[in-house]
Each structure stands twice: as structure tokens, then as C-alpha cells.
Amino acid sequence: MTAATTEVRAGRSGKARTLGVSRHAYPLWFYLPAAVLFLVFFAIPTFASFYFSLTRWTLFDQEFIGFENYVQFFREPQLYQGFINTLIYGFLTSGMKVVIGLALAVLLTSALVGRHFLRSVIFFPVLVSTIGVGIMFKALLDPFDGIVNGALETLGITGPGWLTDPDLALYSIIGIDVWKGLGIACLIYIAGLVAIPTEYYEAARVDGASKWAAFKSITLPLVKPATGTVIILSLIGGLRSFDLIWATTGGGPGFSSDVIGSVIYKQYQAGFYGLSTAGNVVLFVVVTVIMVPISLMLNKREVEQ
Amino acid sequence: MIPKTSRRHFGAGVAAAAAAALALSACSGGGDDDGSVEITFLSTSDEDNTALAEALIDAFEAENPDITVNLDGRPGGTEGDNLIKTRLATGEMAEVFNYNSGSLFQALNPDQNLLELSDRPWADSLTDDFTSVVSTENGLYGGSYGSSFAGGIVYNGAIYDELGLEVPQSWDDFMANNEQIAAAGYDPIVQTYGDTWTSQLFVLGDYANVHAQDPDWADQYTAHERFYADEPALAGFRHHQEAYESGYFNENYPSATFEDGGAMLAEGSGVHYPILTTILSSIRFNHPDAVEDMRFMAIPADDPQHTSATIWQPDGLYIPNTVEGAQRDAALAFVDFVTGPDACEVFIEAVNPTGPYVNGCELPADVPPLVQDVQSYFDAGNTAPALEFLSPIKGPNLENITVEVGSGIRGAEEAAANYDRDVENQARQLGLEGW
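Residues numbered from 1 in each chain as written. Chains lettered and ligands numbered in written order. Predicted model: local features only at pLDDT ≥ 70, side-chain atom pairs only at ≥ 80, totals over all residues.

Chemist: How do you make sense of the overall build of chain A when you look at a structure like this?
Modeler: When you go through chain A residue by residue, the secondary structure sums to 14 helices and two strands. For chain A, whose C-alpha radius of gyration is 26 Å, the value lies well above the compact-globule estimate of 19 Å for 305 residues. Considered along the principal axes of its C-alpha atoms, chain A spans approximately 90 × 75 × 40 Å. In chain A, which comprises 305 residues, the share counted as buried stands at 32%. Within chain A, residue pairs in contact and separated by at least 24 positions form 70% of the contacts whose partners lie at least 6 positions apart. (Helix = DSSP H or I, 4+ residues; strand = E, 2+ residues; numbered from the N terminus. Rg over C-alpha atoms; globule rule 2.2 N^0.38 Å. Buried ≥ 20, exposed ≤ 12 C-beta atoms within 10 Å, placed from the backbone. Contact = placed C-beta atoms within 7 Å.)

Structure follows, in C-alpha cells:
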């Protein structure tokens, strides 16, 4: 009896495989919990936000007003500067993470004493909460009581108002962002570098190539997939960055370090829920318009290799 | 690898957290069989206010042994605005909460969310000014939480005496005083943009002067007929720019905080601080010896006959209309107590009022000089409410715009025009006519 059931079961599953279901590693309903979570927490709110961006919404009630929120959003006096700042922030943090991340990764994959310890040190800031980092740097960079300017003073230099000088604030935050996010970039590059077979370098050495030539002709082309990942991750993160800016300057002094994200947040805080939702849709479009071509370009190059 | 002792502490922590969670879930149960009721009072979580709220709760519970009031804290400023709106919209609001009166109160959609309170015993004892800022056309929604206060220039009277200065009546007199103060080696004007809200006082504290020149300004502003970019309202921005350009600010103005400002004033390194008189609580807490030196003057207008003091109304005390049954009765009893005459003593002891009460409580006879200064403006009839109590419009970015003016990033006229544009969002959100 038992033998027969086993046979039947085996037969059934064999039949199912021939019906083509076997292309899925798991039964379809295994996907259901994830699908429900995705729908409820991501897909539905995303589509709902498209609707709410077309309303005047007080949380208590809403009124459909067409595209008025979008018109109003683009009329915000500080939006233009916020937009420029967003681009500066996104591209500068991304570029610096690529350059410094690769340099550090090369250093940390070499036969350096204590490199495992140094890898942990560089990765450590990634683990700390962004708000915590922001508050910490606000204290460190205080123009009068902060230890950074205190240290500069002992060298006879009067430090600037890192976060309070309108011309400098954005760049100070960019520096903090790079410090905090470098660990991820470095980690991705280390993984990429370790995957390059050492034979290439040995062959190059036999051919008499200099260290720089080996880096340029072997390392750089072969870490291109890692570069693509670093650029995409850091650029998306930079373009929609908000938390670090909010924790350090709140977009100030005045509006001088405002980015699109902080402009939206201020509208949300003021209770303009429809308007800030429209801003988020705009941000979504901006990030998409910038990222899709870059992502396509990076992927295409990868295939060509 | 965790050492044994700390592991035990960790375990104790978990147990404590679990117990706290149980206690919290018990709270939400509300009325028990033995007739006792628990309600929650949501209030701002700064030090001064927590002490006040605890004192009020103790006094209330002593008279009402069946009612337990739990205190819940919230942030102030725009973060707090957001929290209040979200909790009201989701029906998660505490049984009683205090919040601004005036324009921020209007944004809560009171008719839909709050309990009407005009049948309470204290309703008739409220001043007309206060009643108007916690009411809609459909009713009265708030009890009073504290005393009114003024916004203008808080100054160090000891240094005024030392230099033999007189209280300036016009803006030019004020700048002349500043020149003498600077020559004596003090910082004439204290500015603290580390707390951005403090930068608004040159503009907000000037409103009584605008009102003195044109009492209809607020109504016409609400109707989108008057603008900050035009005189007389532009004066606030213009004076702020002038003060910045004269170089009279303390050196660390970009990063100093409200508390730093109080310390500079109390220690005498700074002399004029355009701020709310509530700063006296902070000075009393940190520099009790300096309280007698603190004085108040209205922000001087260009023409001395317009110089008047701008007055802020106290917070309202509200009950959401989702509260029902025994909890509603308990919440009403708490509001009756706090707004009624029995709580006068508690307020006077805990907060040191800096302006007259709005519910019939009397100020004590021996108030500090600063409060006497405020009172003298009332006695002379030279006061007007702040704009936020006369118009529902207050743009969210004013504090950033005034930081721009006070840091030399933007001139007064452009900044005022930007602010006129900033308030458009608020006016449209409220569905006002003419915007």
C-alpha cells in the first residue's frame, strides 16, 4: 500500500514536470506572501501617491485639483537652487566614492599590514545611523566649539563655518556623505579586485609593464562591473538624499543646502500633503530620467566586453 | 562573549520593556470596573513644560483620585505639527492635548476633529482675544493652557543702567543705542540661527507696529490684497537687513542656539535679543541671578508713535471628538481643572508668567521687571496680537527666509517677495478666496 502511494506520488510529480511547471523552482503560491507584501506596501502606495498628487489633501479630506500641485511645485522659489544642489550632490558624491573607493580598495587588497583591520575601519561608518552621523558632525564641525576648528586653531588656522557658511555648507555635507558611504563602494571594489585572476598581472610583469600600465590596462577594465554598481547605487542614493542634510543643516543656512528631498520634506511638514506628494512624483521622474540612460550605458559596455 | 553580568542586565532590560509594554496596553483599556479611569495628556516634551504638566497632573489627581492622567511627550515646531495632524487623522490622538491657538489651530480642521467646549463652566471667563483664536464659526474648541506672552526685544537692564541708555522709542534711537553698546565692547544684538525659528522675531515682533499704522492690514492680507513686499510690513525685513549690515550681531550668530542666546543676555555679553518673553523661564532655570536684570521693549517702529508690543496668545487645550464615555468625562474634568481657577496657583509656581492670563487668573503682585514692562504696554493700550492670531496664513519657510536676510544671503525686498510667494501654498491649502 505504501509502496503504491509512493509510486503514485512519484508519477504525479513526474507528470507535473512534463507540463512545464518545472521551470519554476517552487510552486507559484510560494511567491504569494512576497507578492502580497510587495503589493500592499509598495505597489499600491506608489499608485495611490500618483492619485494624491492630483489632490489638495489635508489628511482629513481631499479635493481633486488636477495638475495644480505640479504647477505650484515648480513655482517654489527655492526649487531651482534645490534642483541644482541635488545634481551637484548626486554627481559629486558618486564621483568621489568611485575614485576614493577604488583607490582604497587597491590599497586594501595589496599586501598591507593590518589590512583586515583597516577594511573594518573603513566599513564601520556604513553601520552607523545617518542621523547619528549628522548630529555627531554637527558637533564636530561647530565653528566655535567644534573640535575640528579647535584642532585647526592650534595650527594657527581659523577654520570656516563648515555647516553655517552658505557657500560651504553643501560641500561639507558632501564630504560627510562620502566618509559615510565609502565603505560600501570600497567593499564592492574589493570584491571586484579579488575576482581578477592574478595570472594577468604575472603576465604583465613578465612583459615588463609598469604598475601604472597594469592598473590602467588590467585593473580598470576588469573592475568595470563593480564601477557600474558603485555609480548606480551612489548616484541614486545621492539624488534622493535627504536624511544627512536634514540632520546637519536642515537645508540651511536659509536655503543654501536645500535639495529636492528637503524641499519636499518641508512641504510635508507644513501639511501640504498633496503638494509634497507631487514633489515626490517629480523626484521619481528626475531620478528615472537620469538613471535609466546611465544604467543602460553601463550595462551595454559590460556586454561588449 | 557577553560577560555574564551584562547579560543579566540585558535580560532585566527585556523584562522591564515587556512590563512597560504590558502597562501601556493596560492604559489603552480605559475605564475599569471599580470606576477608575485612565487618560493620556499629550504635551510638548521640553524640560519647562514637562515640569508644568507634571505639577498640573499631580494637583488634578489629588482632587480626582479616580482618574489617572498619563503624560505623553511630543516634539515642538513643525515636527510636532505633523505628529498632531497624523494622530488626529488616524484616530490615535491622546484624550487631551495642548497645541497652538490661532492659525495652527485652524489647520487642524477643528469642526471635524475636536470636541466643542462652549458649555464648559470656564467658557465665559476667557478673554475675547483668546476665545477668537480657539474658535471657528461653529463653536469654541479650546481651554487655555498658560498665560499670554510678548514678542519683541528682551534686553539686559543692568548694562542699560551702566551705560546710561534710555529705552528707544524709534528704530533710529535703537540703532544709536547699539552704536554706544558696541563702543563699550558688548554685542549689541544677539542672533541665534542654530535654532532657526528665533530668526523670525524682527518680522513677527514688528506686526504690532504694522497694526498701529493700519488696523485692517491683517484682513486685507488674508484677502490677498496686502503684501510683505510693501510698506508698512516690509519694515520688519528692512530692519533685519539693517541690523545685519551694521555688524552688531554676536560673532557666533550662525550656530548659536536659543539657550546660548539666553546665556549671552544673562551674562551680559549680549544686550538686545529679539525673542519671545518666554525666554525668562530658560534664564530663570539656568541663570536665576540674572532674572531681575532682564527687561522688555517692543521692537521700535520707524515712527515712535507706532511703537507697540506684539502679543502671543497661550496654547489651547483640546479634546479630540473620538473620545467617548468615561474617558470623555475624565478628559473634560481635566480641561476644566487646568483652565479653571483652581490651577492658577500651579501655573504661577511652575512657569513664571510673562504676560497676562486669558482665563481670569491674576498675576502675582511681585512679578519680575520684565513682566512689569510687558504689563505697561497693556496699560498704555499699545499692544496688538501677532499676525498668526489675526490671519490663518503663516508660511512655513519664514524662518529660513529670515535667516537669509540675517546672514546677508538675500536683501529685504527680495526676501519679503519670496515670503509672499511662500504663503500662497498655505492659503490654497486652506481654500481661502482670492488666492
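Chemist: Help me understand the overall build of chain B, please; the structure alone is not making it clear to me.
Modeler: Across its full length, chain B holds 19 helices and 13 strands. Here the C-alpha atoms of chain B give a radius of gyration of 23 Å, agreeing with the 22 Å that 2.2 N^0.38 yields for 435 residues. Viewed in the frame of its principal axes, chain B has a C-alpha envelope of about 70 × 60 × 50 Å. Expressed as a percentage of its 435 residues, the buried residues of chain B come to 50%. Of all intrachain contacts in chain B linking residues separated by at least 6 positions in sequence, the fraction that spans at least 24 positions is 78%.

Chemist: Even after reading the chapter, I still don't get the interface of chain B and chain A, so can you show me in this structure?
Modeler: Interfaces are often sized by the amount of accessible area the parts lose when they come together. Each partner contributes to the interface: chain B provides 26 residues, whereas chain A provides 24 residues. Only α3 (77-89), α5 (110-113), α18 (398-406) and α19 (412-429) of chain B provide two or more residues apiece to the side of chain B that touches chain A. Per-element accounting of the side of chain B that touches chain A gives the leading share, six residues, to α3(B). In the side of chain B that touches chain A, the residues fall into seven nonpolar, 15 polar and four charged. (Nonpolar A, V, L, I, M, F, W, Y, C, P; charged D, E, K, R; others polar.)

Chemist: I keep staring at the pairing of strand β12 (residues 315-318) of chain B and nothing clicks. Help me out?
Modeler: Each regular strand displays side chains that alternate between the two surfaces of the sheet. All names here are of chain B. Side-chain alternation along β12 places D315 and L317 on one buried face and G316 and Y318 on a second face that is also buried. Examined bridge by bridge, strand β3 (residues 96-99) and β12 share three bridges and lie antiparallel to one another. Across the sheet, the residue bridging to F97 is Y318, located in β12. Two strands pair when backbone bridges link them, and strand β6 (residues 143-145) and β12 are joined in this way by three bridges, in the antiparallel orientation. (Pairing = 2+ DSSP bridges.)

Chemist: When you look at the nonpolar core in this model, what are you seeing that I'm missing?
Modeler: Across soluble globular proteins, nonpolar side chains show a tendency to be buried alongside one another. Counting 118 residues, the largest nonpolar core has I39(B), F41(B), V96(B), V154(B) and F334(B) as the members making the most contacts within it. If you count residues domain by domain, this core takes at least three from each of domain 1 (33-147 + 315-351) and domain 2 (149-312 + 367-429) of chain B. Ignoring sequence-local partners within four residues, the contact set of V96(B) consists of I39(B), F41(B), L317(B), I319(B), A331(B), F334(B) and V335(B). A105(A), V178(A), I188(A) and I260(A) belong to the second largest nonpolar core, which has 37 residues in total. (Core = buried A, V, L, I, M, F, W, Y, C linked by C-beta atoms within 7 Å. Domains from an automatic or database assignment.)

Chemist: Quick question: what am I supposed to make of the domain arrangement of chain B here?
Modeler: Residues and elements named next belong to chain B. Per the domain assignment, the segments of chain B are domain 1 (33-147 + 315-351) and domain 2 (149-312 + 367-429). Facing the ten residues of domain 1 at the interface are twelve residues of domain 2. Contributions of two or more residues to the side of domain 1 that touches domain 2 are made by α3, α4 (103-106) and α6 (128-133). In terms of residue class, the side of domain 1 that touches domain 2 is built from two nonpolar, six polar and two charged.

Chemist: I would appreciate a short explanation of the sheet that holds β12(B) in the present structure.
Modeler: Residues and elements named next belong to chain B. The strand order across the open sheet built from five strands is β2-β1-β3-β12-β6, with neighbouring strands paired in mixed fashion. Both edges of this open sheet fall to β2 (67-74) and β6, since each of them pairs with a single strand only. Between one strand axis and the next, the sheet turns by 25 degrees as a mean value, whatever way the strands run. Two elements, strand β1 (residues 37-44) and β3, share two bridges in a ladder whose sense is parallel. When the sheet's bridge partners are listed, F41 is paired in β3 with V96. On the sheet, helix α2 (residues 47-63) packs against β1 and β2 and is oriented at approximately 170 degrees with respect to β2. (Axes fitted to C-alpha atoms, helices over the stretch in contact; angles between N-to-C directions.)

Chemist: What's the story with the confidence of the model for chain B in this structure? I'm lost.
Modeler: Note: predicted coordinates in regions of low pLDDT should not be interpreted at a detailed level. Residue and element names in this part refer to chain B. The predicted model of chain B has a mean per-residue pLDDT of 88, with 92% of residues at 70 or higher. For residues 1-31, every residue scores under 50 in pLDDT, and the model assigns this stretch twelve contacts once sequence neighbours within four places are set aside. Reported confidence for the predicted complex is 0.80 by ipTM and 0.83 by pTM. (pLDDT = per-residue confidence, 0-100.)

Chemist: Looking at this structure, how should I read the confidence of the model for chain A?
Modeler: All names here are of chain A. Of the residues in chain A, 90% reach a pLDDT of 70 or more, and the chain-wide mean stands at 86. Per-element mean pLDDT across chain A ranges from 44 in helix α1 (residues 2-18) up to 94 in helix α8 (residues 169-194). Within the model, the stretch residues 1-21 combines pLDDT values under 50 with two contacts to residues more than four positions away or in other chains.

Chemist: Looking at this structure, how should I read α18(B)?
Modeler: Structurally, the α-helix is built with 3.6 residues per turn, so residues lying three or four positions apart point the same way. Residues and elements named next belong to chain B. Counting buried positions along α18 gives nine out of nine residues, so the element sits mostly inside the fold. L398, E399, N400, I401, T402, V403, E404, V405 and G406 are the residues of α18 that are buried. Tucked inside the fold, the buried residues of α18 contact α9 (201-204), α12 (234-245) and α19. Two residues or fewer after α18 comes G408, characterised by a positive phi angle close to 75 degrees.

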